[in-house]
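Architecture and fold: a report
The residues making up each chain are set out below.
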Amino acid sequence: MICGTVAAAALDLLLILAAATPFCFGANVTYDHRGLVIGGRRRVLISGSIHYMRSTPQMWPDLIQKSKDGGLDVVQTFVFWNLHEPIRDQYDFTGRKDLVKFVKLVGEAGLMVHLRIGPYACAEWNYGGFPMWLHFIPGIVMRTDNEPFKAEMKRFTAKIVNMMKEENLYASQGGPIILSQIENEYGNIDSAYGKSAQTYISWAASMAVSLDTGVPWVMCQQSDAPNPIINACNGFYCDQFTPNANNKPKMWTENWSGWFSSFGDPVPRRPAADTAFSTARFYQLGGSFLNYYMYHGGTNFGRTSGGPFITTSYDYDAPIDEYGLLRQPKWGHLKDVHSAVKLCEEALVATDPTTTSLGPKLEATVYKTKSGLCAAFLANVDDQSDVTVNFSGNSYHLPAWSVSILPDCKTVAINTAKINSVATISKFVRQLSPKDTTVEDAFSGWSWINEPVGISSNSAFTKLGLQEQINTTADKSDYLWYSLSTTIKGDEPFLQDGSRTVLHVSSLGHGLYAFHNGQLVGSAKGNYSDPSVSVDIPINLVSGENKIDLLSLTVGLQNYGAFYDTKGAGVTGPVQLKGSHNQATVDLSSKLWTYQIGLRGEELGLFTGSSSEWIMQPTLPKNQPLVWYKTTFEAPTGSSPVAIDFSGMGKGQAWINGQSIGRYWPRRVASNAGCTESCNYRGSFSPSRCMKNCGQPTQQFYHVPRSWLQPGSNTMVLFEEMGGDPTQISFATRETGSICSHISETHPIPLSTWMISDEEMRKQAQPTLSLDCPLDNQVISEILFASFGTPQGACGSFSHGECSSKEALSTVEKACIGLRSCSIIVSADTFGDPCGGIAKSLAVEASCKWLDPHEDAYGGSIRSL
């Protein structure tokens, strides 16, 4: 049997060796066809995207450490131009925008950096990362051979490069940056720009190289990337990708670990086994650098989400979730894959692979050197059938859609379909204020201010005809008022014979509220697939003056596509009055309209909570449109991540102590179709394949970083567009509910056993189920389910199969209760044989509790059987 403490220590050593063989800062970085060459040493590298601005500086060290613990060598990030230069020549690198601090923290952790300067990013970020002032430069055409654009692009790119140089952050200077990127996914849309696209890409490549960073530059999705730029792949699978020159390495800049979510749609998720399969296939077929997009997705704070209609959450189903917690088993399973790949690294960088067929959709790839190094990958790319194959005189079981990695060409270290990692069930737990006894008491009273309907600002202006919104607001606000007064005479057809009038409004999007004589008469919203709005609203015109106020709103600006920067929004018409009983029609589109950019509350800075205009009366306005709300609260106790449950509200924006947590929209419910309780990992993945939250709000909970909360009283301000009940809002913390594992007798042995030098002893190792509480100060407190035999189901819904050992529960309890971690050999020797002649497995679900400082964790942190 394997001693748990010895195995754990061995695994720690394996990860230290595998995650990053010491990187010598100050090294020269070049490349050849088999990989990046750092300090004269060819490397196989594993990277993950963390966008520093989508979390907080207080979260960065933990996110970086979890990335390193997960087996990453590199952290990749975009640099969003509009984040750092919102006004031309006025830069901001403070707080969440402190790029230098982030890069230094990554380097201090012993990891490297891939800096994606762009400056076009996409990334579901507002306007693709471009600052809005670019749009208004005379004669500019973005992302093509256009002199005004190229001048601005070069100026910002040079600004970032020089910042990094001044801080000695490039590898050639002793820093952690080993790669830079110019442009992004231009090859997907370059045909729309004609011949100018090729000259633009050639210029961009030459411009980047001329900045003399001392490290290679990358262009992703750019098959014609000029030398010496490395072209790289983005997608769910990139094993078939081939660089455009024989001297360039095979690089994958975005392995999509999940997918983004958009308001009104179900939430996509990507199975851990499929992500692992794609990773193993890439390294099997000659890949040398892989980056997970995202490794931690984070949050679109403020008005930074793009799309339009991208949610405030940018969780992305990443290995580290939006709140900074490990998403298990994805994080742990990929960690095991990374360890297995690192066990093969010496062979992978020494030679080219040789791939042979083992049968239909079956492949064996071998890396073998004359010096005796050998690593192999066995792949079953069929999405239906498990098979047993013969390789080098041995039999190997290959589940459908899986890869087995053999670091010594003999022994399976991991199969991507067989997950050894613990699984967790995370949940939101509603919280009370420290002094309160009910959720409703968590807030210390509500005050409010009504947002005026229509024009209320001295900065309002008039123009003939309907104006496109983005050109009018320059994206200074989500909101633009269109206001018009029209006089209806008593003898006009609209008032005859009981005729009811229809107000027709056509808009480019993204949403609209229509008011007639100060009353809300209708609204409409677009969606991610079609942001435009066309609506017919019944209204009752009156004799005399009729005031029509249209509040148009955006939900993030376009971030992708050819000429995406020219995509408009707002009410562009027609706007018409139509008689319902007759054919009378009046077109209001060309009339004199009055415009107001933004809201009065925005102009007054109500989001700070400091205005003297706040009203507090016993009767709180509820379910009314256009209301600002304010309350105070005490932060939930403890250290768990905090969220706000906006159930009961419609749509709007929220601020905590003056910091915007983003747009909330819990009333936007996903359709009932398309979701599945379980997700089959086998077969090519697409975002619509594995979805959740059907029939539920796309996003109900909204992240509040702990660092934004202060001891004692905190202030929350809301602007509610649609109408809601703020008293239904509650706080929640993100907690781990259960931990689970399901290991069969045919699973590979633990990767920790690869550190055992005695090969005979290693051969005696057996599949092992391990449980680990997610936090250091927790212990396993209860075994909720245990079955050895033929258990069914998944974490949270395990059930006994046709056979089950009577000893399973007591055996697991003996091994695990009171400890943070435990390991159990999965065999009949441990549990007895409840059903001979068939392969058996062990399924366990457990719960953890916080360890009382006075409790004794039974003398150790790991116990094994």
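Residues numbered from 1 in each chain as written. Predicted model: local features only at pLDDT ≥ 70, side-chain atom pairs only at ≥ 80, totals over all residues. Heavy atoms only, no water.

With that settled, the discussion passes to unusual backbone geometry. At the junction of G118 and P119, the peptide bond is cis and its omega measures out at 0° in the coordinates. Mapped onto the elements, P119 comes out in the loop between β6 (112–118) and α5 (147–166). Residue M294 is bonded to the preceding Y293 through a cis peptide linkage, with omega at 0°. With respect to the helices and strands, M294 occurs in strand β12 (residues 289–296). If you check the backbone angles, L626 has positive phi at about 60° while not being a glycine. Residue placement: L626 occurs in the loop between α10 (600–604) and β32 (627–634). (Helix = DSSP H or I, 4+ residues; strand = E, 2+ residues; numbered from the N terminus.)

This part is about the side chain of S730. Within the secondary structure, S730 sits in strand β39 (residues 730–744). On the accessibility criterion, S730 (0% relative accessible area) is buried. A distance of 3.1 Å separates polar atoms of two side chains, one belonging to S730 and the other to R430. (Buried < 20%, exposed > 50% of the residue type's maximum accessible area, 1.4 Å probe, protein only. Polar contact = N/O pair within 3.5 Å; in protein donor to acceptor, adjacent residues only side chain to side chain.)

Moving on to the nonpolar core. With 137 residues, the main nonpolar core has L99, L115, F130, I160, M164, I178 and I405 as its most contacted residues. Each residue touching L115, except ones within four places of it in the same chain, is listed here: T77, V79, L99, I160, M164, I177, L179, S180 and Q181. (Core = buried A, V, L, I, M, F, W, Y, C linked by side-chain atoms within 4.5 Å. Contact = heavy atoms within 4.5 Å.)

Taken together, 6 strands build an open sheet; the order of strands is β22-β31-β23-β28-β25-β26 and the sheet is antiparallel. Among the strands making up the open sheet, the edge pair consists of β22 (461–464) and β26 (519–525). Between one strand axis and the next, the sheet turns through 25° on average, direction left out of account. (Pairing = 2+ DSSP bridges. Axes fitted to C-alpha atoms, helices over the stretch in contact; angles between N-to-C directions.)

In terms of burial, strand β34 (residues 652–656) is largely enclosed, as 5 of its 5 residues are buried. Pairing of β34 with strand β38 (residues 713–720) involves 5 bridges; the strand directions are antiparallel. Paired with Q653 across the two strands is F719, which belongs to β38.

This structure, assessed with the given rule, holds 53 aromatic pairs. When the centroid spacing of 5.0 Å and the interplanar angle of 15° are considered together, the rings of W81 and F156 count as stacked. Linking W81 in helix α3 (residues 81–84) with F156 in helix α5, this pair joins segments that are 75 residues apart in sequence. The pair W81 / F156 is uniform in exposure class, with both members buried. (Phe/Tyr/Trp six-rings, centres within 6.5 Å; stacked < 30°, edge-to-face > 60°.)

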